[in-house]
Amino acid sequence: MLEPKVVSVGNANIDLIIIVDRVPEPDEEVEALNFEISGGGSAANFAVAVSRLGLQSGFIGCLG
């Protein structure tokens, strides 16, 4: 295994993305059109972006 050339440190987050047709008013409900769960956090996103650019990357993160 190759050693990473770039290491990012930070939180490992989970992004909850809810797609709606409009922003609800206070105390109003709207129906969700779609719901997605994806990995996130700026340090984790940076490590992925660096890797996609062709550099070796690593990530040190905290869960919870």
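So, here is what we can say about the structure in this document. (Residues numbered from 1 in each chain as written. Predicted model: local features only at pLDDT ≥ 70, side-chain atom pairs only at ≥ 80, totals over all residues. Heavy atoms only, no water.)

**Looking at the overall build of the chain**
From N to C terminus, the chain includes one helix and four strands. Shown N-terminal to C-terminal, the secondary structure of the chain runs as helices and strands in the order β-β-β-α-β. For the chain, the C-alpha radius of gyration of 17 Å lies well beyond 11 Å, the compact-globule estimate for 64 residues. Seen through its principal axes, the chain has C-alpha atoms that stretch 50 × 25 × 15 Å. Partitioning the contacts of the chain with sequence separation of at least 6, the portion at a separation of at least 24 is 55%. (Helix = DSSP H or I, 4+ residues; strand = E, 2+ residues; numbered from the N terminus. Rg over C-alpha atoms; globule rule 2.2 N^0.38 Å. Contact = heavy atoms within 4.5 Å.)

**Things to note about a nonpolar patch on the surface**
Residues Ile14, Leu16, Ile18, Val20, Phe35 and Ile37 make up a contiguous nonpolar surface patch of about 610 Å² in total accessible area. For the nonpolar patch, the elements supplying multiple residues, two or more each, are β2 (13-19) and β3 (34-40). Take the nonpolar patch: its biggest share by element is three residues, from β2. (Patch = residues over 30% accessible without salt bridge, like charges linked within 9 Å, V, L, I, M, F, W, Y side chains within 5 Å. Areas by Shrake-Rupley, 256 points an atom, 1.4 Å probe, with all protein chains shown as cover. Salt bridge = Lys/Arg side-chain N within 4 Å of Asp/Glu carboxyl O.)

**A few points about helix α1 (residues 42-52)**
Turning to α1, its buried residues number three or more, namely Ala43, Ala44, Ala47 and Val50. Summarising the axial view, the buried residues of α1 lie within an arc of 125°, below the 170-degree limit, and thus occupy one face. Opposite the buried face of α1, by more than 90 degrees, sit the exposed residues Ser42 and Arg52. In this fold, the buried residues of α1 make contact with β1 (6-11), β3 and β4 (57-62). (Buried < 20%, exposed > 50% of the residue type's maximum accessible area, 1.4 Å probe, protein only. Arc of directions from axis to C-beta.)

**Overview of the environment of Asn13**
Turning to its location among the elements, Asn13 is positioned in strand β2. C-alpha separation for the pair Asn13 and Gly39, spaced 26 residues apart in sequence, amounts to 6.0 Å. Those residues within four positions of Asn13 in sequence are excluded, and the remaining contacts are Ser38, Gly39, Gly40 and Gly41.

**With respect to the pattern of salt bridges**
As enumerated under the stated definition, the model contains one salt bridge in all. Here Arg22 makes a salt bridge to Glu28, at a shortest N to O gap of 2.7 Å. When its relative accessible area of 41% is taken as the criterion, Arg22 is described as partly exposed. Exposure remark for Glu28: the relative accessible area of 30% places this residue in the partly exposed category.

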